[in-house]
Amino acid sequence: MHWKGHIAIVTGAASGIGTGIVECFAEAGAEVVIADINERLGAQVAADLRERYGKGMFVKADVSQADDCKRLIDETLATYGQIDTLVNNAGVNFVKPTLEMEEADWDRVVDVDLKGTFLCSRYALEAMVARRSGAIINIASVHTVATLPAAAPYAASKGGVGMMTASMAIEFAPFGIRINAVSPGLTDTQIWNDIQDAAEDAEHARQHWMDNIPLGRVQAPREVGKVVLFLASDQSSYVTGANIFTDGGMTIQLTNRERFASKSLEGVAPQS
Ligand SMILES: NC(=O)c1ccc[n+]([C@@H]2O[C@H](COP(=O)([O-])OP(=O)(O)OC[C@H]3O[C@@H](n4cnc5c(N)ncnc54)[C@H](O)[C@@H]3O)[C@@H](O)[C@H]2O)c1
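We now turn to the structure provided with this report.

Basis of the calculations
- Residues numbered from 1 in each chain as written.
- Predicted model: local features only at pLDDT ≥ 70, side-chain atom pairs only at ≥ 80, totals over all residues.
- Heavy atoms only, no water.
- Near = heavy atom within 4 Å.
- Polar contact = N/O pair within 3.5 Å; in protein donor to acceptor, adjacent residues only side chain to side chain.
- Areas by Shrake-Rupley, 256 points an atom, 1.4 Å probe, with all protein chains shown as cover.
- 1 Å grid on protein atoms, 1.4 Å probe; cavity = no way out; pocket = protein on both sides within 12 Å on 5 of 7 lines; lining within 4 Å.
- Sits in = over half its atoms within 2 Å of the grid points.
- Helix = DSSP H or I, 4+ residues; strand = E, 2+ residues; numbered from the N terminus.
- Nonpolar A, V, L, I, M, F, W, Y, C, P; charged D, E, K, R; others polar.
- Points joined across faces, edges and corners; volume = space filled by probe spheres on them.
- Buried < 20%, exposed > 50% of the residue type's maximum accessible area, 1.4 Å probe, protein only.
- Right-handed = clockwise from strand over helix to strand, strands pointing away.
- Pairing = 2+ DSSP bridges.
- Axes fitted to C-alpha atoms, helices over the stretch in contact; angles between N-to-C directions.
- Parallel < 35°, antiparallel > 145°, perpendicular 65-115°, else oblique.
- Left-handed = near helix turned anticlockwise from the far one by under 90°.
- Contact = heavy atoms within 4.5 Å.
- Core = buried A, V, L, I, M, F, W, Y, C linked by side-chain atoms within 4.5 Å.

**Re the site of the ligand**
- Among the 26 residues in the neighbourhood of the ligand, the closest are listed as Ile 17, Asp 36, Asn 89, Tyr 154 and Thr 189.
- The separation between a nitrogen atom of the ligand and a polar side-chain atom of Asp 62 is 2.9 Å.
- The contact in question runs from an oxygen atom of the ligand to an N or O atom on the backbone of Gly 185, over 3.4 Å.
- Coverage of the ligand by the protein amounts to 90% of the 820 Å² it exposes when considered alone.
- According to the grid-proximity analysis, the pocket containing the ligand is the largest pocket.
- Of all the secondary-structure elements, those providing two or more residues to the shell around the ligand are helix 1 (16–28) and helix 5 (152–172).
- Tallied by class, residues from the shell around the ligand come to 13 nonpolar, 10 polar and three charged.

**Overview of the layout of surface pockets**
- The calculated volume of the largest pocket comes to roughly 1,400 Å³.
- Along the wall of the largest pocket there are 50 residues; nearest its centre are Gly 91, Val 92, Asn 93, Tyr 154 and Ile 191.
- Of all the elements in the fold, those that place two or more residues in the lining of the largest pocket are helix 1, strand 2 (31–36), helix 4 (103–131), helix 5, helix 6 (190–198) and helix 9 (250–261).
- Ranked by residue count, the leading element in the lining of the largest pocket is helix 6, at five residues.
- Of the residues contributing to the lining of the largest pocket, the split by class is 28 nonpolar, 16 polar and six charged.

**Digging into the pairing of strand 5 (residues 134–139)**
- With six of its six residues buried, strand 5 lies for the most part within the structure.
- Residue alternation in strand 5 divides its side chains into two sets, Gly 134, Ile 136 and Asn 138 and Ala 135, Ile 137 and Ile 139, and both sets are buried.
- Read from strand 4 (residues 85–88) through helix 4 to strand 5, the crossover connection turns out right-handed.
- Sheet analysis places strand 5 next to strand 6 (residues 177–184), joined by six bridges and oriented parallel. Paired with Ile 136 across the strands is Ile 179, a residue of strand 6.

**Some remarks on the packing of helix 4 against helix 5**
- For the pair helix 4 and helix 5, interaxial distance at closest approach is 8 Å and the crossing angle is 15 degrees. Taken together, the axes of helix 4 and helix 5 are roughly parallel relative to one another. Crossing hand, helix 4 versus helix 5: right-handed. Contacts between helix 4 and helix 5 pair Trp 106, Val 109, Val 110, Asp 113, Leu 114, Thr 117, Phe 118, Ser 121, Leu 125 and Val 129 from the former with Ala 152, Pro 153, Tyr 154, Ala 156, Ser 157, Lys 158, Gly 160, Val 161, Met 164, Met 168 and Phe 172 from the latter.
- A per-class count over the contact of helix 4 with helix 5 returns 15 nonpolar, four polar and two charged.

**Description of the nonpolar core**
- Core analysis: the largest hydrophobic core is formed by 29 residues, its most contacted members being Leu 72, Leu 125 and Ile 179.
- Counting residues per element, the ones that place at least two in this core are strand 2, strand 3 (57–60), helix 3 (66–80), helix 4, helix 5 and strand 6.
- Ranked by the residues each element gives to this core, the list is headed by helix 4, at nine residues.
- In this structure Leu 72 touches Ile 9, Thr 11, Val 33, Ala 35, Val 59, Ala 61 and Cys 120, once residues within four positions along its chain are discounted.
- With 27 residues, the next largest nonpolar core counts Trp 3, Val 32, Val 182 and Val 228 among its residues.

That is the geometry; function is a separate question.
Here it is as structure tokens:
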């Protein structure tokens, strides 16, 4: 796969998983547009990538605002003339008991995680349809399948992103545009730090999560980036409408545990 001249926009690329994704694209030789609401960090990431790979343009954009999403697409087209890949990664996580939740809490998460994914896709698709080519990769979550208590807006948003991916994949396949989701499990970003900081016993919390991850560790942001690169490349030319879990096996373990727990395996499973 030749990445020279490939134009990739990644939202929420000023930190965490998004930065891991833009690093993978820039290292491969693609041009990258770092879109984020955080101007200081976004400009820093762009400067760093320009120094290391000669790639990287920062565009300040709040993906929950239609005007910002449209401007992001327009500025990319004005600079590079085309969009090959859009990665909808910007997201906010939020855990709060439902009975303590305010309308504003719901709006904040749904506006960024779900509406933002729709808006950026909607404007990028205009340009992709005109060229009859393009790929969109939506960063969803294990919450598309296996969720937790006190995560209603996040689970609703990520579940919505999963089905929006499916619907758009069918709608835009006739134009040669592939649309897929990537669902990360625990990834070594601020979210993982927050989970450990919020726990009364950080080591106990860490062990609890490790017990739920068959591969026994959190992943690095670039491990998500490698899967995104695959979905943006010719290597996945027949893949559309998929939701690929990069979660160390967490979702498959969580969703099978109940099934196994409900029945005795005595005399069925080999005894060790
Ligand atoms: N870290 C994990 O364990 C994990 C697991 C599953 C899914 N995810 C998803 O991966 C994505 C990235 O998460 P992360 O862990 O890297 O988080 P992060 O907080 O490190 O990065 C999120 C980025 O999005 C940006 N952002 C927030 N609101 C924005 C807005 N309105 N417009 C533009 N940019 C905005 C932030 O400034 C930040 O740079 C999110 O969609 C998240 O839901 C993360």
